[in-house]
Amino acid sequence: MAVRKNIVITGASSGLGEGMARRFAAMGRDLALCARRRGRLDALAAELTERHPGIRVVVRELDVNDHDRVFTVFEEFRSELGTLDRVVVNAGLGKGQPVGTGHFTANRQTVETNLVAGLAQCEAAVSIFREQNTGHLVVISSFSAVRGMPRNLTAYAASKAGLATLADGIRTDLLTTPVAVTTVLPGYIESEMTRRTSGRTPLMASAEAGARALVAAIEKEPARAYVPSWPWTPLSVLVRMLPAGLFRRIG
């Protein structure tokens, strides 16, 4: 399998994106990092190039809900690095409230950021991959995509399920081409998004262990991967089978 040298990571200023950037940098990959917080990106780039002098790290400020700018930034990354070998669609939003409780704005923002902006990132990446006739699209979905989730996770889970289905469709469309597509469904991994629940979530993986598992899975380029594989792969089967009443009580 060819080494994917030039890697784009969206939402790279914190959490899973930052963790993946650190791991790929340690492997000697060149990085194109984007997120809304430019100051944090600059600090991360400086740290990574100091630790790993042989790599290049380019950064751009990007709000993925600015869809036109997504296309512009990806093209700028390709111009700077020469090619884009892998794009990790990671930027996302985790806020939400039970449907029908007066929080439509929060739920809409989550769906727009995770699904519509995710589509923009996939469109921009795959357009470049089609021109290059090579590339690896990685879509970071969520374990919550395996079935509809209750309470605060309802809109979030729906957006991540839509994103996973989008990736599945792109993969099928590109099946006879050299472009690979991987859907990653992380379980509980410590990050800014999950920190509020870490004290009452016994299955939470540390940020370092989660990033290590994510990068190891991505490097294998499977069609779909639950990360970490244990316990989330067997749990994906169990969660689908649980009766709705029992699932609601423990979900």
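That block above? That's the structure.
Residues numbered from 1 in each chain as written. Predicted model: local features only at pLDDT ≥ 70, side-chain atom pairs only at ≥ 80, totals over all residues. Heavy atoms only, no water.

(A) Region of interest: the overall build of the protein chain. Along the backbone of the protein chain there are eight helices and seven strands. For the C-alpha atoms alone, the extent of the protein chain along its principal axes is close to 55 × 40 × 35 Å. Within the protein chain, the fraction of its 251 residues that count as buried is 49%. For the protein chain, contacts bridging at least 24 residues in sequence account for 67% of all contacts bridging at least 6. Entry remark: accessible area of the protein chain is about 11,700 Å², with carbon and sulfur atoms responsible for 55%. (Helix = DSSP H or I, 4+ residues; strand = E, 2+ residues; numbered from the N terminus. Buried < 20%, exposed > 50% of the residue type's maximum accessible area, 1.4 Å probe, protein only. Contact = heavy atoms within 4.5 Å. Areas by Shrake-Rupley, 256 points an atom, 1.4 Å probe, with all protein chains shown as cover.)

(B) Structural context of unusual backbone geometry. In this structure, Pro228 follows Val227 across a cis peptide bond, with omega equal to -15°. Of the consecutive residues Trp230 and Pro231, the connecting peptide bond is found in the cis state with omega at 10°. Phi is positive for Asn133, which is not a glycine, with a value near 60°. Note on placement: Asn133 falls in the loop between helix 4 (104-132) and strand 5 (135-140). Using a relative accessible area of 45% as the deciding quantity, one classes Asn133 as partly exposed. The phi dihedral of Glu221 is positive, around 55°, even though this residue is not glycine. Classification of Glu221 as buried rests on a relative accessible area of 16%.

(C) Layout of helix 5 (residues 154-173). Under the 1.5 Å per step criterion, the end-to-end length of helix 5 is 29 Å for 20 residues, consistent within 8% with the ideal 28 Å. Looking only at helix 5, the buried set comprises Ala155, Tyr156, Ala157, Ser159, Lys160, Leu163, Ala164, Ala167, Ile170 and Arg171. Check the buried side of helix 5 and you find it contacts helix 4, strand 5, strand 6 (179-186) and strand 7 (224-227). (Expected span 1.5 Å × (residues − 1).)

(D) Local environment of a negative patch on the surface. A contiguous patch of negative charge, built from Glu61, Asp63, Asp66 and Asp68, is present on the exposed surface. Tracing the backbone shows Asp68 in helix 3 (residues 67-81). (Patch = residues over 30% accessible without salt bridge, like charges linked within 9 Å, V, L, I, M, F, W, Y side chains within 5 Å. Salt bridge = Lys/Arg side-chain N within 4 Å of Asp/Glu carboxyl O. Lys, Arg positive; Asp, Glu negative; His and termini not counted. Charge placed at Lys NZ, Arg CZ, Asp CG, Glu CD.)

(E) Structural context of the packing of aromatic side chains. Within this structure, the stated rule accounts for three aromatic pairs. With a centroid separation of 6.1 Å and 70° between ring planes, the pair formed by Phe143 and Tyr226 is classed as edge-to-face. Remark: Tyr226 occurs in strand 7 and Phe143 occurs in the loop between strand 5 and helix 5; sequence separation between them is 83 residues. Overall, Phe143 belongs to the buried group, its relative accessible area being 8%. Taken together through their ring pairs, the aromatic side chains of Phe143, Tyr188, Tyr226 and Trp232 make up a single cluster. (Phe/Tyr/Trp six-rings, centres within 6.5 Å; stacked < 30°, edge-to-face > 60°.)

(F) Quick look at the environment of Asp168. Along the chain, the position of Asp168 falls in helix 5. Look at Asp168 and you get partly exposed, because its relative accessible area is 25%. A sequence separation of 13 residues divides Asp168 from Val181, and the C-alpha atoms of the two residues are 8.0 Å apart. Contact partners of Asp168, with chain neighbours within four places excluded, come to Thr183 and Arg224. Polar contacts involving the side chain of Asp168 include one to the side chain of Arg171, which spans 2.8 Å. (Polar contact = N/O pair within 3.5 Å; in protein donor to acceptor, adjacent residues only side chain to side chain.)

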